[in-house]
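A closer look at the structure
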Amino acid sequence: MAAVTAAMVKELREMTGAGMMDCKKALAATEGDMDKAIEFLREKGLATAQKKAGRIAAEGIVYTVVSDDEKKAVVVEVNAETDFVAKNEKFRSYVADVAAQALNTTASDIEGFLAEKWSKDESMTVQEALAAQISVIGENMNIRRFQQVEEANGFVASYIHAGGKIGVLVDVETDVINDAVKEMARNVAMQAAALKPLYTSEKEVDAAYIEKEKEILTVAAKNEKPDANDKIINGMVMGRIKKELKEICLLDQVYVKAEDGKQSVANYVAEVAKANGAKIEIKKFVRFETGEGLQKKEENFAEEVAKQMGM
């Protein structure tokens, strides 16, 4: 019996689009025979998915679900090949089901999530239910990622932009929960959606990142002012780093709705806290953007028509 290796599992997954655990089971059941493993997966209902697995699924939607008590929330991204399918009600309904399951999953990663029982039909896994949807909808699809956020001492706010293009969750620790505080949280989520920060505050920024930026900016400053002494160069570098942090840290960004165009998000949150006699801390945020980092297909409509007509 051939030993099942990680490389074999990876190869079978790329060939079929099936989940990692399903591929491992298939190879174990067929003693490492790749062709028989593909047949095994086809018999499990993954045949149609196999034909479509090579297509790039870079469209789709981001979806959020918040628990009734607003203490827990999840954001998920599910991809499809085309924007047309992403707007399809059947696809959107399926994504809502995926999000509902992700809200309560104990899985720590996508592989674990795909391997668990599908809550709407426990005779199949999440991966097998996905394969069934691929068969029905007719496009390659992918449950790309999910992230849960929990806040026992406050609430989690959510915001969806452009019908699912961007989804944001904001973790708000507070001793006062009212309409004004909730509106503040939604505004902060909208800020994160619009200005795409990388961190919540400077405290999150990796020290190694700062050091690397210092190196790059120091060289740039010396090229710009070759006769300047170290004190001047250091001042230029630190000023530029401070400016950069104000752009990439959510709480340090200029609040987009600020009337004076200067108020930071942190100062806006403090203002709302003071007005409502509350202690408020924005602990973190999660921002998903559909297709972020994925290569999208370049479609040539004329070529596609010609291909379909056999020209």
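Quantities reported herein were computed from a predicted structural model and do not represent experimental measurements. (Residues numbered from 1 in each chain as written. Predicted model: local features only at pLDDT ≥ 70, side-chain atom pairs only at ≥ 80, totals over all residues. Heavy atoms only, no water.)

Things to note about the overall build of the protein
Across its full length, the protein holds twelve helices and eight strands. For the protein, the residues scored as buried account for 43% of the 311 residues in total. The contacts of the protein with a sequence gap of at least 6 include a subset with a gap of at least 24, amounting to 63%. Accessible surface, the protein as shown: approximately 17,100 Å² in total, 49% of it carbon and sulfur. (Helix = DSSP H or I, 4+ residues; strand = E, 2+ residues; numbered from the N terminus. Buried < 20%, exposed > 50% of the residue type's maximum accessible area, 1.4 Å probe, protein only. Contact = heavy atoms within 4.5 Å. Areas by Shrake-Rupley, 256 points an atom, 1.4 Å probe, with all protein chains shown as cover.)

Here's the deal with the sheet that holds strand β1 (residues 59-66)
One open sheet accounts for three strands, arranged β1-β2-β5; its pairing is antiparallel. Across the chains shown, the open sheet's two edge strands, defined by having one partner strand only, are β1 and β5 (142-150). Direction aside, neighbouring strands of the sheet carry axes that sit 15 degrees apart on average. In this fold helix α5 (residues 89-104) packs onto β1, β2 (72-80) and β5, with an angle of close to 140 degrees to the strand it touches most, β2. (Pairing = 2+ DSSP bridges. Axes fitted to C-alpha atoms, helices over the stretch in contact; angles between N-to-C directions.)

Looking at the packing of aromatic side chains
Applying the stated rule across the entire model yields four aromatic pairs. Plain terms: the ring middles of Tyr-94 and Trp-118 are 6.0 Å apart, the flat faces sit at 40 degrees to each other, and that makes the pair tilted. With Tyr-94 in helix α5 and Trp-118 in strand β3 (residues 117-118), this pair connects stretches of sequence that are 24 residues apart. Overall, Trp-118 belongs to the buried group, its relative accessible area being 6%. Note that Arg-145 overlies the ring of Phe-288, its terminal NZ or CZ placed 4.0 Å from the centroid. (Phe/Tyr/Trp six-rings, centres within 6.5 Å; stacked < 30°, edge-to-face > 60°. Lys NZ or Arg CZ within 6 Å of the ring centre and 35° of its normal.)

Side note on the environment of Ser-158
As for its position among the elements, Ser-158 is in strand β6 (residues 154-161). The exposure class assigned to Ser-158 is partly exposed, which follows from its relative accessible area of 25%. It is 9.0 Å that separates the C-alpha atoms of Ser-158 and Met-190, two residues lying 32 residues apart in sequence. Sequence-distant contacts of Ser-158, defined by excluding residues within four places in its chain, comprise Thr-64, Val-66, Val-168, Leu-169 and Arg-186.

So, the pairing of β1
Bridge count between β1 and β2: eight bridges; the pairing is antiparallel. Looking across to β2, one finds that Tyr-63 is bridged to Val-76. The turn linking β1 back onto β2 is made up of five residues, and Glu-70 within it adopts a positive phi angle of 65 degrees.

Here we look at the sheet that holds strand β8 (residues 280-289)
Strand order across the open sheet formed by three strands is β6-β7-β8, with antiparallel pairing between neighbours. The open sheet has two edge strands with one neighbour each: β6 and β8. Each neighbouring strand pair of the sheet contributes to a mean axis angle of 15 degrees, computed without reference to strand direction. Relative to strand β7 (residues 166-174), β6 is paired through eight bridges, and the arrangement is antiparallel. Each bridged residue has a counterpart across the sheet, and for His-161 the counterpart in β7 is Ile-166. Sheet strands in contact with helix α8 (residues 179-195) are β6, β7 and β8, and its direction is about 140 degrees off that of β7.

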